[in-house]
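# Summary of the model geometry
Given next are the chains, with one letter for each unit.
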2 protein chains.
Amino acid sequence: MNQPKYHVFVCSSSRINGKQMGYCAKNGAVEIIQKMMMAIQEEDLTNQVMLSNTGCLGVCQQGPIMVVYPEGTWYGSLTVEDVDEIVESHFKNGEVVESLEI
Amino acid sequence: MNQPKYHVFVCSSSRINGKQMGYCAKNGAVEIIQKMMMAIQEEDLTNQVMLSNTGCLGVCQQGPIMVVYPEGTWYGSLTVEDVDEIVESHFKNGEVVESLEI
């Protein structure tokens, strides 16, 4: 496999039974995923950043949740307004956005 | 965050619109997730191994797909019969199952 530099996971509250139920999806996670996918493409980062949606990541009360591997950075209480800063700082410049870490 | 030693992602073909459509879900991915969750609990690895389901991981033709972080190991063409070997070799003994890597 051609390993991406960053593999980004955002909870979309997707259960394995096919239902979508949970805190993150009800609080803007889908819009965050859509905006981040667009930002990754606009910044020409598609070869470096892979974006995946997930089921519950276990810390719903701090959602919407994003995890970035391989470093294992956990971001929480995200809004669509946070997407550009994460893309610019973390994915383009390699600097974790500490104010959004949980 | 209390970072797990291994964060395991298995594609459950979960789209961000809440639908579950795709190769992995049609080819046993949900059963793989269920068996792995049980194996993690039976082997008392819940403090070390976190298991999440995901949307499409982009290599459907090699599915069902599993990715293990932080090392970034990609496993493919999985069946429920492969679960015990991955848990025993990779999660308990730290040795990647090379025969299942893609």
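Below you will find a few notes about this structure. As the structure is a computational prediction, the values presented were derived from the model and not from experiment. (Residues numbered from 1 in each chain as written. Chains lettered and ligands numbered in written order. Predicted model: local features only at pLDDT ≥ 70, side-chain atom pairs only at ≥ 80, totals over all residues. Heavy atoms only, no water.)

## Observations regarding helix H3 (residues 83-92) of chain A
All names here are of chain A. Quick reminder of the rule: Here's how the labels work: a residue is buried when its accessible area is under 20% of the maximum for its type, exposed when over 50%, partly exposed in between, all with a 1.4 Å probe on protein chains only. Per the convention used, a helix needs a DSSP run of H or I reaching at least four residues, while a strand needs a run of E reaching at least two, with both numbered from the N terminus. Residues are treated as being in contact if the distance between any of their heavy atoms lies within 4.5 Å.
Burial in H3 covers these residues: Val83, Ile86, Val87, Ser89, His90 and Phe91. Elements that come into contact with the buried residues of H3 comprise strand S1 (6-11), helix H2 (29-42), strand S2 (49-54), strand S3 (66-69) and strand S4 (73-75). Just downstream of H3 lies Gly94, where phi reads positive at about 70 degrees.

## Topic: the interface of chain B and chain A
Just so we agree on the cut-off: Salt bridges are identified by distance alone: a Lys or Arg side-chain nitrogen within 4 Å of an Asp or Glu carboxyl oxygen. For the purposes of these results, a polar contact is taken to be a pair of N or O atoms within 3.5 Å, where, inside protein, one atom must be able to donate a hydrogen and its partner to accept one; residues adjacent in sequence count only when each atom of the pair is a side-chain atom. All residues other than Ala, Val, Leu, Ile, Met, Phe, Trp, Tyr, Cys, Pro, Asp, Glu, Lys and Arg, Gly among them, are scored as polar; the first ten of these are nonpolar and the last four charged.
Contacts between chain B and chain A engage 29 residues on the former and 28 residues on the latter. At the boundary of chain B with chain A, the tally comes to zero salt bridges. Where chain B packs against chain A, one counts 16 residue pairs in polar contact (both at pLDDT 80 or more). For the side of chain B that touches chain A, the elements supplying multiple residues, two or more each, are strand S1 (6-11), helix H2 (29-42) and strand S2 (49-54) of chain B. Counting residues per element, the side of chain B that touches chain A draws most heavily on S2(B), at four residues. In the side of chain B that touches chain A, the residues fall into 14 nonpolar, 14 polar and one charged.

## Structural notes on the relation of the copies chain B and chain A
Cut-off, in case you're wondering: Least squares is used to superpose the copies, and the fit set is the C-alpha atoms of residues whose pLDDT is at least 70 in both copies.
After a rotation of 180 degrees and a shift along the axis of 0.0 Å, chain B superposes on chain A with an RMSD of 0.0 Å. Taken together, these values place the two copies in the relation of a two-fold axis.

## Details of the packing of aromatic side chains
As a reminder of what qualifies: Each Phe, Tyr or Trp ring (for Trp, its six-membered ring) is paired with any other whose centre lies within 6.5 Å, and the angle between the two planes then decides the class: stacked below 30 degrees, edge-to-face above 60, tilted in between.
Counting across every chain of the model gives eight aromatic pairs over all chains. Taking the centre distance of 3.6 Å and the plane angle of 5 degrees together, the rings of A:Phe9 and B:Phe9 count as stacked. You can see A:Phe9 sitting in strand S1 and its partner B:Phe9 sitting in strand S1, one on each of two chains. Exposure class is identical for A:Phe9 and B:Phe9. Each is buried. Seen in terms of ring centroids, B:Phe9 and B:Tyr69 are 6.3 Å apart; in terms of plane orientation they differ by 70 degrees. Their pairing is edge-to-face. Within this pair, whereas B:Phe9 is found in strand S1, its partner B:Tyr69 is found in strand S3 (residues 66-69), the two being separated by 60 residues in sequence. In this structure, B:Phe9 and B:Tyr69 share a single accessibility class: buried.

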